[in-house]
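Each chain, written out:
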Amino acid sequence: QVQLVESGGGLVQPGGSLRLSCAASGSIFSIYTMGWYRQAPGKQRELVATITSGGSTNYADSVKGRFTISRDNAKNMVYLQMNSLKPEDTAVYYCNAYMRISGNPYPSDYWGQGTQVTVSS
C-alpha cells in the first residue's frame, strides 16, 4: 500500500506564512510529478502547484510569486511554502503524486487526505 500524508496546515492571519509538507511512503517504485491542489467550500478542486522529478515547476496564476513548491526526492517528500497568505487561500490542501508502485507497470495518481488552511484575522 501507498500513503501520502500531509502536515503543516492551520490558522494564520492575512499576510502570514505556512509551510505544508507531504510524505509519500509504501511500496513506491518511482515518483514522477508531485503537487498540491486545494478545494474551498462550494468550489471544485484546483491545481496550486506541481513539480517534476527533475525540478520543473508549475503554478496557478493566483499563487505565483507567493507560493513555492519544492521536493526532496531522496525522502519522497514535497513541500509548499506559502507566503503573503490571503483569505481566498482558505481551503483544504491536498498532496498529489503521480507514481508507479512496485508490481504495477502503470503509474497512477495518488492523493493525501488533505490538510485545512484557514486565513483569517
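Here, the structure is the one placed above.
Conventions we followed
Residues numbered from 1 in each chain as written. Predicted model: local features only at pLDDT ≥ 70, side-chain atom pairs only at ≥ 80, totals over all residues. Heavy atoms only, no water. Helix = DSSP H or I, 4+ residues; strand = E, 2+ residues; numbered from the N terminus. Rg over C-alpha atoms; globule rule 2.2 N^0.38 Å. Contact = heavy atoms within 4.5 Å. Areas by Shrake-Rupley, 256 points an atom, 1.4 Å probe, with all protein chains shown as cover. Lys, Arg positive; Asp, Glu negative; His and termini not counted. Charge placed at Lys NZ, Arg CZ, Asp CG, Glu CD. Core = buried A, V, L, I, M, F, W, Y, C linked by side-chain atoms within 4.5 Å. Buried < 20%, exposed > 50% of the residue type's maximum accessible area, 1.4 Å probe, protein only. Pairing = 2+ DSSP bridges. Axes fitted to C-alpha atoms, helices over the stretch in contact; angles between N-to-C directions. Disulfide = S-S within 2.5 Å.

1. A word on the overall build of the protein chain
- In terms of regular secondary structure, the protein chain is built from zero helices and 11 strands.
- Mapped from its N terminus to its C terminus, the protein chain presents α and β elements in the order β-β-β-β-β-β-β-β-β-β-β.
- Scaling as 2.2 N^0.38, a compact globule of 121 residues should have a C-alpha radius of gyration of about 14 Å, and the protein chain matches this with 14 Å.
- Nonlocal contacts in the protein chain, meaning residues at least 24 apart in sequence, comprise 56% of its contacts between residues at least 6 apart.
- Of the roughly 6300 Å² of accessible surface on the protein chain, 46% is carried by carbon and sulfur atoms.
- Here the protein chain contributes 10 positively and 7 negatively charged side chains, and the mean placements of these two sets differ by 3 Å.

2. Re the nonpolar core
- Counting 30 residues, the largest nonpolar core has Trp36, Leu80, Met82 and Tyr93 as its most contacted members.
- Contributions of two or more residues to this core are made by strand S1 (2-7), strand S3 (18-26), strand S4 (28-39), strand S5 (46-51), strand S7 (67-72), strand S8 (77-82), strand S9 (91-101) and strand S11 (115-119).
- In terms of residues, this core owes the most to one element, S9, which gives five residues.
- If we ignore the near neighbours within four places in the chain, the residues touching Leu80 are Leu18, Arg19, Leu20, Trp36, Val48, Ala49, Phe67, Thr68, Ile69 and Tyr93.

3. Structural notes on the sheet that holds S3
- With antiparallel pairing, the four strands of this open sheet are ordered in space as S1-S3-S8-S7. Either end of the sheet is taken by a strand with one partner, and the two such strands are S1 and S7. Strand-to-strand twist across the sheet, computed as the mean angle between neighbouring axes with direction ignored, equals 15°.

4. Details of the state of the cysteines
- In the structure shown here, the tally under the stated rule is one disulfide.
- The disulfide partner of Cys22 is Cys95, and the gap between their sulfur atoms is 2.0 Å. Because the torsion about its S-S bond is -80°, the bridge between Cys22 and Cys95 counts as left-handed. Placement of Cys22 in strand S3 and of Cys95 in strand S9 is noted, with a sequence separation of 73 residues between them. Exposure class is identical for Cys22 and Cys95. Each is buried.

5. Looking at the environment of Val5
- Mapping Val5 onto the fold places it in strand S1.
- Given a relative accessible area of 40%, Val5 falls into the partly exposed group.
- Separated by 109 residues in sequence, Val5 and Gly114 have C-alpha atoms that sit 8.0 Å apart.
- Residues in contact with Val5, not counting those within four places in the same chain, are Ser21, Cys22, Ala23 and Gln113.

6. Things to note about the pairing of S1
- Side chains Val2, Leu4 and Glu6 project from S1 onto a buried face, and the interleaved Gln3, Val5 and Ser7 project onto a face without burial.
- Judged from the six bridges that link them, S1 and S3 form a sheet pairing that is antiparallel. Residue pairing in the sheet places Gln3 in a bridge with Ser25 of S3.

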